[in-house]
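Descriptive analysis of the structure
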Amino acid sequence: MGQNFGVITKISESEVTLKELIQDSAGDWVEKESTLMLQGQEGKK
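The notes below deal with the structure included here.

For any two aromatic rings, the description comes down to two numbers: the centre-to-centre distance and the angle of the planes. Under the defined criterion, the tally for this structure stands at 1 aromatic pair. Judged by centre distance (5.8 Å) and plane angle (70°), the rings of Phe5 and Trp29 are edge-to-face. Taken together, the residues Phe5 in the segment before strand E1 (7-11) and Trp29 in strand E3 (residues 29-37) connect sequence positions 24 residues apart. On the accessibility criterion, Phe5 (55% relative accessible area) is exposed.

What follows is the structure in structure tokens.
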């Protein structure tokens, strides 16, 4: 997923969690976990 070789690791009603491989300033590849918060569907019928 995305530009950093992301893999979705968890999906819930409120968020999507993914792990990405990111190249640091030394040129090493490091794993980073990110969470994308989803907008609610409140009031929608």
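What follows covers the side chain of Glu20. With respect to the secondary-structure elements, Glu20 resides in strand E2 (residues 15-23). Of the side chains with opposite charge, Lys32 lies nearest to the buried Glu20, which makes no salt bridge, at 4.9 Å. When near neighbours in sequence (up to four residues on either side) are disregarded, Glu20 contacts Asn4, Phe5, Gly6, Val30, Glu31, Lys32 and Ser34.

Thresholds applied
- Residues numbered from 1 in each chain as written.
- Predicted model: local features only at pLDDT ≥ 70, side-chain atom pairs only at ≥ 80, totals over all residues.
- Heavy atoms only, no water.
- Phe/Tyr/Trp six-rings, centres within 6.5 Å; stacked < 30°, edge-to-face > 60°.
- Helix = DSSP H or I, 4+ residues; strand = E, 2+ residues; numbered from the N terminus.
- Buried < 20%, exposed > 50% of the residue type's maximum accessible area, 1.4 Å probe, protein only.
- Lys, Arg positive; Asp, Glu negative; His and termini not counted.
- Salt bridge = Lys/Arg side-chain N within 4 Å of Asp/Glu carboxyl O.
- Contact = heavy atoms within 4.5 Å.

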